[in-house]
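Now for the letters of each chain:
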Amino acid sequence: GVDQSQGIYYGVALSTLIFAALHVNPLGLFKGKDAAIDALVLFALQLSTGATFAALYLATGNLAVPIVSHALYDFYTFYKTHLVVTGQMEYAE
């Protein structure tokens, strides 16, 4: 059988894989070499992000910590992307 500590490692690995898979567009793998490379690089980065959120949960035992961290990360990413895409970066500096 699987003891509790092994179960935690399996849970972290599975949740990290699911997190990464749900944050990458799988169609990018079939849109040519450059798009496939981009999708694989993004998948690797999302594995790192998902593992970080799992580590936050394990360190605190509080699911709210990775949830709030994810929300703050998304807000920051959206804000920075919006400034770059709209050309408003010069107004923010």
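Bear in mind the structure is a predicted one, so any value in this text is a computation, not a measurement. (Residues numbered from 1 in each chain as written. Predicted model: local features only at pLDDT ≥ 70, side-chain atom pairs only at ≥ 80, totals over all residues. Heavy atoms only, no water.)

Draft legend 1. Spotlight on the overall build of the chain. Helix and strand counts for the chain stand at 4 helices and 0 strands. The N-to-C order of helical and strand elements in the chain reads α-α-α-α. Taken over the C-alpha trace, the chain has a radius of gyration of 17 Å; the compact-globule value for 93 residues is 12 Å, which it surpasses by more than 25%. By principal-axis analysis of the C-alpha atoms, the chain measures approximately 55 × 35 × 15 Å. (Helix = DSSP H or I, 4+ residues; strand = E, 2+ residues; numbered from the N terminus. Rg over C-alpha atoms; globule rule 2.2 N^0.38 Å.)

Draft legend 2. Broad picture of the packing of helix α1 (residues 4-22) against helix α2 (residues 33-60). Remark: α1 packs on α2, axes separated minimally by 8 Å, with the N-to-C direction vectors making an angle of 140°. Taken as axis vectors, α1 and α2 run oblique relative to one another. For the element pair α1 and α2, the recorded crossing hand is right-handed. Taking contact as the criterion, the partners of Ile8, Val12, Thr16, Leu17, Phe19, Ala20 and Ala21 in α1 are, on α2, Phe43, Gln46, Leu47, Thr49, Gly50, Ala51, Phe53, Ala54 and Leu58. Here the contact of α1 with α2 is built from residues that sort into 12 nonpolar, 4 polar and no charged. (Axes fitted to C-alpha atoms, helices over the stretch in contact; angles between N-to-C directions. Parallel < 35°, antiparallel > 145°, perpendicular 65-115°, else oblique. Left-handed = near helix turned anticlockwise from the far one by under 90°. Contact = heavy atoms within 4.5 Å. Nonpolar A, V, L, I, M, F, W, Y, C, P; charged D, E, K, R; others polar.)

Draft legend 3. Structural detail: α2. The first and last C-alpha atoms of α2 sit 41 Å apart over 28 residues, in line with the 40 Å expected at 1.5 Å per residue. Summarising the contacts, the buried residues of α2 are in contact with α1 and α3 (64-85). After α2 finishes, the residue Gly61 shows a positive phi value of roughly 70°. (Expected span 1.5 Å × (residues − 1).)

Draft legend 4. Representation of the environment of Ala44. Along the chain, Ala44 turns up in helix α2. With 35 residues separating them along the chain, Ala44 and Tyr9 place their C-alpha atoms 19 Å apart.

It is worth stressing that arrangement in space is one thing and function is another; only the former is reported here.
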